[in-house]
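Spelled out, the chains give:
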Amino acid sequence: MASSSQHIPVTIVHGNKKHSVTVGTSSPDGLPTLHNLRAEAQRVTGIPAAAQRLIFKGKTLSNPNQMLCEVGIEPDSRVMVIGQKPQDDPAIQTVQSIVQRADSAQSRLHTLTEEVRGVANGFIPADLRAEALKRQSRQCAGIGEDLMKAVESLDAMVCPVFLSLSIESESCFLLSCGV
């Protein structure tokens with residue numbers, strides 16, 4: 001075991017881009033692991049470690065606790081990274097679209113609530129109240145329908161593991177909107 005931290009220069013290839021990095025470690029044994037390599041790959045490519053597929057000499061590297069020397073990675077080795085940045089992932093784009101729809105519905109619901117309060121407080125003449133309440137009822141039904149479509153879109157999604165936290169936060173957002 002090494003007493004000092006070892007640093008290994010590696011070339012990370014993603015798409016048509018090559019990134020020269022130095023993989024180090026903070027572990028007591030001083031030997032870099034695939035976990036350290038994944039962290040460097042995330043830093044230079046923007047692909048979350050959980051969404052990465054590392055390939056070295058035609059083999060997929062999957063055990064994050066393996067040391068680089070155990071899988072044959074030496075100084076100046078080339079490792080290919082396959083994966084998508086979150087903003088390029090269609091599922092992320094779908095979630096962002098759903099959040100925008102929910103934001104719009106929340107804003108419309110807030111405006112409608114203020115209008116209903118206005119009717120309840122007598123700011124509309126008595127002969128116009130029935131018509132105003134019918135219009136507000138239709139608006140409320142439309143907002144409810146929009147929110148239901150957003151929830152159905154979320155429910156229909158099949159998401160990779162790295163999106164689970166994103167979906168949870170979006171679901172919490174929708175719950176805070178009263179969905």
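Everything below is about the structure printed above this text.
Residues numbered from 1 in each chain as written. Predicted model: local features only at pLDDT ≥ 70, side-chain atom pairs only at ≥ 80, totals over all residues. Heavy atoms only, no water.

Asks: What is the right way to read the sheet that holds strand S2 (residues 17–23) from this model?
Replies: Reading across from one edge, S2-S1-S5-S3-S4 is the order of the five strands in this open sheet, with mixed pairing throughout. Of all the strands in the sheet, just S2 and strand S4 (59–61) have a single pairing partner and so form its edges. Across this sheet, the average inter-strand angle for adjacent strands is 35°, counted without regard to direction. Pairing between strand S3 (residues 53–56) and S4: three bridges, direction antiparallel. (Pairing = 2+ DSSP bridges. Helix = DSSP H or I, 4+ residues; strand = E, 2+ residues; numbered from the N terminus. Axes fitted to C-alpha atoms, helices over the stretch in contact; angles between N-to-C directions.)

Asks: Is there a simple way to think about the pattern of salt bridges in this case?
Replies: A side chain with one charge can pair with a side chain of the opposite charge if their charged atoms come near. Applying the stated rule across the entire model yields five salt bridges. Across the salt bridge formed by Glu-114 and Arg-117, the nearest N and O atoms sit 2.8 Å from each other. Taken together, the residues Glu-114 and Arg-117, both in helix H2 (residues 90–120) and three residues apart, mark about one turn of the helix. A relative accessible area of 47% means that Arg-117 is categorised as partly exposed. In this structure, the salt-bridge partner of Arg-135 is Glu-115, at a minimum N-O distance of 3.4 Å. (Salt bridge = Lys/Arg side-chain N within 4 Å of Asp/Glu carboxyl O. Buried < 20%, exposed > 50% of the residue type's maximum accessible area, 1.4 Å probe, protein only.)

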